[in-house]
Every structure is written in structure tokens, then in C-alpha cells.
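# Observations on the three-dimensional arrangement
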Amino acid sequence: MRSPNTVLDSLTKQSTRENYKFERLYRNLYNVEFYLMAYAKIYAKEGNMTQGVDGQTIDGMSLERIERLIESLKDCSYQPKPSKRVYIPKKNGGKRPLGIPSFEDKLVQEVVRNLLEAMYEKTFSIHSHGFRPEKSCHTALMQVKDRFTGAKWFVEGDIKGFFDNIDHHKLIEILKRRINDEKFIDLIWKFLKAGFLEDWQYHKTYSGTPQGGIISPILSNIYLNDLDAFVLAYKEKFDKGKGRKRLKEYRTREARLYRANARYKEKWEEMNEEEKEQALQHLDELKNHMMELPYKDPMDENYKRIQYVRYADDFLIGVIGSKEDCQQIKHDISTFLSEELRIELSQEKTLITHSSKRARFLGYDIKISHDNKTTKYTASGHKQRTRTMSCELLLPHEVWQNKLIEYKALKIDEKTQKWKSTHRAHLLQNDDLEILMIYNAEIRGLYNYYKLANNVYKLDGFKFIMEYSMYKTFANKYKSSVRKIHRKYSINGDFAVRYETANGNKIAYFYKDGFKKKLLPSSFAEMDVISNTRNIIYNRTGLIERLVAKECEWCHATDVDLEIHHIKKLKDLEGKKRWEKRMIERNRKTMALCKICHLDLHIGKLD
């Protein structure tokens, strides 16, 4: 069998050939190395310890289990099991359905995902940022910041129930444009039609991608790549003019300034100090009068542009044009989605917003600065506008307010609407270090996501409430007061917790790194290149080497079939049994055991 590296490299190279069709893909599902690669990629996720409908988890993973899976794929008897549907709470108080596939289905899906990614990644648009290597919400937002300068309008795209409404037949039709392998296509069909189990009642799936499926993100990008291509072609027809024409009134004022400057320059040597002062003041007034106007005509009908950025099923379009242009763009995209992709653009949620107001994209507020007055002086001493029609990323105020309410760190008085920090009862059973680290992680997590925002400094207010909530949590835990707690845990004026480790005593401080704006590199050309060291380059991890070594890590029997014992979290182990102590000492959530030892562990006989 060929190495996964070789296969994926070959697929990636062929993907750039126009009209090339991939064949004989299904045979790669007979390659054990692909499953070991998939196992190494997904084994660390906690969700793998949650049972699917077959009652199985990742625990007990073995080469024998992979071989059985491969045999079922060879004789085409493999049938994905329905995902187990559970519901998780949403921020608005509702519940979101989540599908839990069986672990073996996850393994097969990860192999299929690797193959699809190698075939399609290089063909995706630079404007698509969701679920892609070296792409993220931040790269999408930076592209908005870099490319939406001068936008007059925003079109905030919202596809109604996208992941649940992907048309299966259309998806297969899109896949068949590049894939000529019926067995491979049939396997994807099986995943699409696997259905789900809710309250032990089976439900068929007639549309949408697999619930909770590993292949769902890549399939959604393949599906919406047609939308990206449509908008690119639309942009080529829509864009008009090389640049805005200069504003006539601005040119008049500029000429007035130029003539005055020339006139004063001629007789500068003859002027006394008072006349020179008056001349400079007059020139300054003419300069300010000129800079009250934009340099170019913002209403130039002969200059139009659109810019487009998409993250999964959310997209934002910046338009230099009229509101009528925006309405036509919305209509044309809606028609394309309906007729070509058989999905629906939400007419209510797809908003057309003037750029003087804020659009919402990926949790940020997007705004175009209409400030003509903010200036700076260049190295040569010339005054220059700095923010005219530039795109700004902003932190919405309600984001950190809602986070405080979600964390139960804030109470708002119903009568006065005053804010007050409060203790968090559900943290009282945690030790001091855990409480501190939870608060730090929550503050740092919000900052890390909103660090691109111009006004990210406003998170100081969030930190202030969180800090006093933490003091009150400690005070409640020890039946003390905030003042006494602060005095007890203060080290050089900073709140800190001392703790012991194997390497000696250490100190953990409450978050004090501040909230400075940090921008990502704006060289998107480099970010769009698929690195040669991306995840398609597969080297066996320590876990895989332990699995194939065929030596039990408990009884040290050699040349035996092994099963990997998995646990969800090390802190769940009590450390009373010898095998628990060994896992804690090695700081590992896995142990390679022979079948007998693994069975003994589960029935309590290993010690």
C-alpha cells in the first residue's frame, strides 16, 4: 500500500488541472495507514468517549478493529450508523441539535475528509475562510478590513438553515464533476442518508450534511464553492471604472490654495514677521477648507465595486454603488441560490446596511469611517487624512455584557439597571488555582477573539466585573470579605495563587496583560498557499507507534494484538489503582494493553 503522504500529494497536484477527473479513490479506504493517520488526528477529542448508537467509543481501538472496518468496505457491506441526536443550549435560550456519530464512522469520515481536502482545497476561492487549513474567522475579518475601504453599503448574507437544507442530489452532482468513482460516491451517499436516532426512534435524512459529521464542513465548502464562483463572475461584470473622478469643488479649493502658496512664495523675502504669520494662517485656513471635502467624488456613478468575503454559510458584501445596486445584488444571489443550489437566502435576515451604520459579521461590528477630520503629518510635513472611508472592526458592547450574564458573574438591578458583580456558586467546589485559571481563561478567550477590534480596550470593563466576581467567589468560599481576600492573596499588589508542582512552588497571577489591538499579517497571498508541511504530511505519532509495537504496556507480553485504553480526563482518575497511578505519572490519557489486560482493567482485576 502507498503511503498516505504520496497519495494525498498526488491528488493535490492533479487538483489544479482543469477538467481533470479523479478515479480509483475508493481503493485508498483499504489502506491501514490512512486509518492510523485518521486515528492520530482525532483521538485526543473528548467527544470520542461519548457513545454512539452502537454503544461503542474510541476505547479499545485496535488494528483488528481497523481490519474489520476495511473488510466491510471491501465487500460493500459497510453501512454508517445513524447519529445519536442530543441537544445543546444556545445563547438565546433555545437548543441546537447535535449529532453524535459512532467512532468507526468518524474514522472512515476522517479518511474521506483527507481525500476530499486534497482534491478540492486548492480549487477553493481566496474569499472562503470557513473550515480550511490556515484560515479562520480572523483571516476573514482581516480581509474585510483590508478590502472594504470606501464601501457605501453592506449586504449581510444569511442562508436559511444551510447545513440542514443542502440538497443531496445537487451535492452529488457537484462531486461527480470531478470524481469518477461510483463506489466512493456511493459511500458519501450512505453518509448523507444515514439518518439520526432521537429518543430511540429512527429518522431518515432527506437533505443536509451528516449531523456532527467530520466530512460536513468540507462538503459544505464544496457546495458553496459555486456561490463563490458566481460572485466572482458577478464582480467582473459589476465593477466599473478605474477610479473615482476628482471632486470638482475640491479641485477649485486646491487650486485656490496652490495660487495663494505661489503668491506668498514670490514675496516671502519682502514680508515682515507679522505678514508672514498672517500668510501662514491664511494658507492653513485654505488647507483646512480644502480638506473639508473628499478628494474624489463619492457619488461618482461611473465608479462601482463589490467585495465579497464568506465564512461557511455567512457572507458579507461591500458595495461601492447605490442602494438599488445592493437590492439587485441581493435579488440575483437569491435567485442563483434558489435555482442553481436549491437553497434559500433568508430575505428577512439578509440586510442592506449603509456603511455609516454598523453591519454584523462573525460577531464583530463592521463600520466604514466617515471621519474627514482625523489627520496626521507625513515625514515631509504635509497634512494627510488617515481614516476617510477606512474599514473598522469593532467589539459590540452587548457581547461582553452577555458573556458576563452567561458566566453568572453579573447581576443587573431590575429597577435601577445598575450592574453589580456577583459570586459564582458553581465554582465554589473548585480549588483556588482552578477558580483563578477559569477566570483567566474566560478573559483571555474573549480577548483573543476580539483582539482585532479598534475598541478592544473596552474589555477593561469586562475584566473589572470578572475580577470582582472572582474576589466575591473566593470570599463566599471562605466565608470572608472581599477586602480580606484581596489582602490574603495579594503579591506586590497583584492577586495571585501559590501552588506546588513536582518542580517546586509556583505562582499564578490574575490576568494582567491588558487589551491591546493586534492585527494579523495582511498578506493573504501567503495564507492561501497550501503549505508542504500541512496536515497531509503524515508521520506516525507516539500513540501509533505504541499501537503497532505489539507490546503490552502492563504485562509486557510481546507480539500480541493490542487495544488502546482511553480515558476522558486525567483529573477524573482517583490515583488509587496502580494503572491509574501509571497513567497520571506518564501524563497520558491512553495505555496500550493486550486484550486480557484491557478486559481485566474494565472488570476491576488489573491490580
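If you're wondering where the values come from, they're calculated on a predicted model, not measured in any experiment.

Right, let's get into the overall build of the protein chain. Looking only at helices and strands, the protein chain features 20 helices and 20 strands. Taken over the C-alpha atoms alone, the protein chain extends approximately 105 × 70 × 50 Å along its principal axes. Split into buried and exposed, the 607 residues of the protein chain put 47% on the buried side. Counting only contacts in the protein chain whose residues sit at least 6 apart along the sequence, the fraction spanning at least 24 positions is 71%. Summing over all exposed atoms, the protein chain offers an accessible surface of approximately 32500 Å²; the carbon and sulfur share of this is 48%. Within the protein chain, one finds 110 positive and 86 negative side-chain charges whose respective centroids are separated by 3 Å.

On to the sheet that holds strand S6 (residues 305-311). Taken in spatial order, the 4 strands line up as S6-S7-S3-S8 in an open sheet, and their pairing is antiparallel. Edge positions in the sheet fall to S6 and strand S8 (351-354), since each of these pairs with one other strand and no more. The average undirected angle you get between the axes of adjacent strands in this sheet is 20°. Of the strand pairs in this sheet, strand S3 (residues 153-158) and S8 are connected by 4 bridges, and their pairing is antiparallel. Across the sheet, Phe 154 pairs through a bridge with Thr 353, a residue of S8. Across the sheet, helix H9 (residues 216-238) touches S6 and strand S7 (314-320), and the angle it forms with S6 is around 170°. Helix-sheet contacts for helix H12 (residues 323-341) involve S3, S6, S7 and S8, and the interaxial angle to S7 is about 145°.

With that settled, consider helix H7 (residues 168-176). Buried within H7 are the following residues: His 168, Lys 170, Leu 171, Ile 172, Ile 174 and Leu 175. Contacts from the buried residues of H7 go to helix H4 (103-120), helix H8 (182-192), H9 and H12. Between the side-chain oxygen of the N-cap and the backbone nitrogen of His 169 there are 3.1 Å, and the N-cap of H7 in question is Asp 167.

Within helix H20 (residues 595-602), the full set of buried residues consists of Cys 597, His 598 and Leu 601. Angularly, the buried residues of H20 cover 100° about the axis, an arc narrow enough to put them on a single face. Opposite the packed face of H20, turned more than 90 degrees from it, sit the exposed residues Ile 596 and Leu 599. Where H20 is buried, its residues touch strand S19 (562-566), helix H19 (578-586) and strand S20 (590-594). Gly 604, located one to two residues past H20, shows a positive phi value of around 80°.

Glancing now at the sheet that holds strand S18 (residues 504-509). For sheets, the rule is that strands pair by backbone hydrogen bonds, running either parallel or antiparallel. Taking strand neighbours across the sheet as the criterion, the 3 strands line up as S16-S17-S18 in an open arrangement whose pairing is antiparallel. Looking along the sheet, the strands with just one partner apiece sit at the ends: strand S16 (490-491) and S18. The sheet contact formed by S16 and strand S17 (residues 494-501) spans 2 bridges and is antiparallel. Across the sheet, residue Ser 490 finds its bridge partner in S17, namely Phe 495.

Quick look at the packing of H4 against H8 now. Close contact between H4 and H8 brings their axes to 12 Å; oriented N to C, the two are set at 130°. Classified by the angle between their axes, H4 and H8 sit oblique to one another. As H4 packs across H8, the resulting crossing turns out to be left-handed. Together, Asp 105, Val 108, Gln 109, Val 112, Leu 115, Leu 116 and Met 119 of H4 and Phe 184, Leu 187, Ile 188 and Phe 191 of H8 make up the contact between the two elements.

Attention shifts here to the confidence of the model for the protein chain. Averaged over all residues, the pLDDT of the protein chain is 88; the fraction at 70 or higher stands at 90%. Low pLDDT, under 50, characterises residues 522-538; the predicted model gives this stretch 35 contacts beyond four residues in sequence or across chains.

Successive side chains on a regular strand alternate, one facing one side of the sheet and the next facing the other. Burial analysis of S3 places 5 of its 6 residues in the buried class, the great majority of the element. The pairing of S3 with S7 spans 6 bridges and is antiparallel. Along S7, the bridge assignment pairs Gly 157 with Phe 315.

As a further point, take the nonpolar core. Within the largest apolar cluster, 92 residues are counted, with the highest numbers of intra-cluster contacts made by Leu 116 and Leu 175. Counting residues per element, this core draws most heavily on H4, at 10 residues. Leu 175 has contacts with Leu 116, Tyr 120, Ile 185, Ile 188, Leu 219 and Ile 222, leaving out every residue within four places of it along the chain. Counting residues in hydrophobic clusters, the runner-up holds 55 residues, among them Ala 140, Ala 312, Ile 443 and Val 456.

Inspection of every chain in the model, using the stated rule, returns 25 aromatic pairs. Considering the side-chain rings of Phe 148 and Phe 154, the 6.4 Å spacing of their centres and the 25° angle between planes classify their relative orientation as stacked. The exposure classification of Phe 148 matches that of Phe 154, with both residues buried. Ring centres of Tyr 308 and Phe 315 lie 6.0 Å apart, and the angle between their planes is 50°; on these two criteria the pair is classed as tilted. Across the pair, Phe 315 and Tyr 308 agree in class, each one buried. By way of ring pairs, the aromatic residues Phe 464, Tyr 468, Tyr 471, Phe 474, Tyr 489 and Phe 495 are connected into one cluster. Taking NZ or CZ as reference, Arg 263 lies 5.8 Å from the ring centre of Tyr 264, over its face. The ring of Tyr 478 has Lys 488 lying over it, and the distance from NZ or CZ to the ring centre is 4.7 Å.

Attention now goes to the state of the cysteines. Applying the stated criterion across every chain, the model contains 0 disulfides. Left without a disulfide partner, Cys 391 is nearest to the cysteine sulfur of Cys 326, which lies 15 Å away. Residue Cys 391 is classed as buried on the basis of its relative accessible area of 3%. With no disulfide partner, Cys 597 has as its closest neighbouring cysteine sulfur the one in Cys 594, 3.5 Å distant.

Of the two faces of strand S13 (residues 391-394), both are covered, the one formed by Cys 391 and Leu 393 as well as the one formed by Glu 392 and Leu 394. Where strand S10 (residues 364-368) lies against S13, 4 bridges are found, and the strand directions are antiparallel. Within the sheet, the bridge partner assigned to Asp 365 lies in S13 and is Leu 394.

Calculation notes
Per-chain numbering applies: the sequence of each chain, read as written, is numbered from 1 onward. Note on the predicted model: pLDDT of at least 70 is required for a residue's local features to be given, and 80 or more for side-chain atom pairs to be given and counted; whole-chain, interface and lining totals, by contrast, use all residues. Side-chain measures were taken over the full set of non-hydrogen atoms in the model, leaving aside hydrogen atoms and water. Only DSSP runs of H or I covering at least 4 residues are called helices, and only runs of E covering at least 2 are called strands; the numbering of each starts at the N terminus. Burial here depends on accessible area, computed with a 1.4 Å probe over protein chains only, as a share of the maximum for the residue type. Under 20% is buried, over 50% is exposed, and the range in between is partly exposed. For this analysis, residues touch if any pair of their heavy atoms sits within 4.5 Å. Per-residue accessibility takes into account occlusion by the displayed protein chains alone, with areas from the Shrake-Rupley method and a 1.4 Å probe. Charged residues are defined narrowly, with Lys and Arg counted positive, Asp and Glu counted negative, and His plus the chain ends left uncounted. Positions of charges follow a simple convention, taking NZ of Lys, CZ of Arg, CG of Asp or CD of Glu. Two strands form a pair only when DSSP identifies at least two bridges running between them. Between N-to-C directions, angles cover 0 to 180 degrees, with each direction set by a line fitted to C-alpha atoms, over the stretch in contact for helices. Whenever two N or O atoms come within 3.5 Å, that pair is a polar contact, provided that in protein one can donate a hydrogen and the other can accept it, and provided that, for residues adjacent in sequence, both atoms are side-chain atoms. To obtain the arc, one takes the directions from the helix axis to the C-beta atoms. Angular relationships are summarised with four words: roughly parallel below 35 degrees, roughly antiparallel beyond 145, roughly perpendicular across 65 to 115, and oblique for the angles in between. Note on convention: near helix rotated counterclockwise from far helix by under a right angle means a left-handed crossing. Clockwise means right-handed. What pLDDT reports is the predictor's confidence in each residue, on a scale of 0 through 100. Residues enter a nonpolar core if they are buried and are Ala, Val, Leu, Ile, Met, Phe, Trp, Tyr or Cys, with the set joined through side-chain atoms within 4.5 Å. Two aromatic rings, drawn from Phe, Tyr or Trp (for Trp, its six-membered ring), form a pair once their centres lie within 6.5 Å of each other, and the interplanar angle then sorts them: stacked below 30 degrees, edge-to-face above 60, tilted otherwise. Two conditions define a charge located above a ring, namely a distance within 6 Å from the ring centre to NZ of Lys or CZ of Arg, and an angle within 35 degrees of the ring normal. Whenever a pair of cysteine sulfur atoms sits within 2.5 Å, that pair is classed as a disulfide.

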